[in-house]
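One letter stands for each residue in the lines below.
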Amino acid sequence: MPLKILVSAGEASGDLYAAALVDRLKAALPGAEFFGCAGPRMRASGVRPVVDAASLSVVGLFEVLGHIPRIYLEYRKMVAAARRERPALAILTDSPDFHLRLAERYKQQGIPVVYLVAPQVWAWRRGRIRSIKRNIDRLLCIFPFEEDFFRSHGVEAQYIGHPLAGLIRPSLSRDEFFEQFGLDGCRPVVSLLPGSRKGEAMRHLPVLLEAARMIAKQCPAQFL
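The rules we used
- Residues numbered from 1 in each chain as written.
- Predicted model: local features only at pLDDT ≥ 70, side-chain atom pairs only at ≥ 80, totals over all residues.
- Heavy atoms only, no water.
- Pairing = 2+ DSSP bridges.
- Helix = DSSP H or I, 4+ residues; strand = E, 2+ residues; numbered from the N terminus.
- Axes fitted to C-alpha atoms, helices over the stretch in contact; angles between N-to-C directions.
- Buried < 20%, exposed > 50% of the residue type's maximum accessible area, 1.4 Å probe, protein only.
- Arc of directions from axis to C-beta.
- Contact = heavy atoms within 4.5 Å.
- Salt bridge = Lys/Arg side-chain N within 4 Å of Asp/Glu carboxyl O.

Describe the sheet that holds strand β6 (residues 138–141), naming the residues involved and giving the relevant values.
Either a parallel or an antiparallel arrangement is found when strands of a sheet pair, and the pairing is made through backbone hydrogen bonds. Taken in spatial order, the seven strands of this open sheet run β3-β2-β1-β4-β5-β6-β7, and their pairing is parallel. Two strands in the sheet have a free side with no partner beyond their single neighbour: β3 (47–52) and β7 (157–159). For this sheet, the mean inter-axis angle between neighbouring strands, taken without regard to orientation, is 20°. Sheet analysis places β6 next to β7, joined by three bridges and oriented parallel. Of the residues in β7, the one forming a bridge with L140 is Q158.

Have a look at this one:
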């Protein structure tokens, strides 16, 4: 029987990070099979989708409330897939509202759970530490201070570095970039980043545009 590994990610960044991890695991474990909640990058890396990650990519109280029946259905699919296929390991990536609940069910099924991108309980919802300690076998942290924080609470945590540090590479020099996009090299540049999910962008972009208008009145900035 091939080694089976369940991998789950619920949004674009998690899909990116999980796909990179799957690529490394495939090189180390030839013949292993990967399945789970997958976005386009994970599917391109060979993860067989049980659930489409796009179906979980919602944020905000009212947006989530409207999607609870569908999210619960996807949750049940993931629980059933693990029970049916008995993976040797479950790797859950970010999206703690969804994945901490899955981790509890997988722990009950005797499946070891690795959690990639530690929930930011040091900033809010610290009560989640109990669930993490009870249901997560290895917590992978992307910020250096997180390892000591979680270990001080009895969680088996390991700092691995931020995935973007190894994924992002400049493709143009600063001068080439400014020339390509018609920017003035003598004026400051401000990036507007409203979010990767539709709900985030709809809520954040008006605020960012208003901030850009306020900044533009005070200095000759360029906005991207």
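An account of helix α6 (residues 144–152) is needed here, citing residue identities and associated values.
For α6, the complete set of buried residues consists of E146, F149 and F150. End-on, the buried residues of α6 take up no more than an arc of 90°, which puts them together on one face. Facing away from the buried side of α6 by more than 90 degrees, the exposed set consists of P144, D148 and S152. At its buried positions, α6 is contacted by α5 (128–135), β6 and β7.

Outline the pattern of salt bridges, listing residues and values.
Any two side chains of opposite charge can pair, given that their charged atoms come close. Per the counting criterion, the structure on display carries 10 salt bridges. Note that D97 and R125 form a salt bridge whose closest N and O atoms lie 3.2 Å from each other. Highlighted residues: D97 in helix α4 (residues 96–108) and R125 in the loop between β5 (113–116) and α5, separated in sequence by 28 residues. Assessed through its relative accessible area of 40%, R125 is described here as partly exposed. A network of salt bridges, in which partner residues are shared, links K4, R48 and E85.

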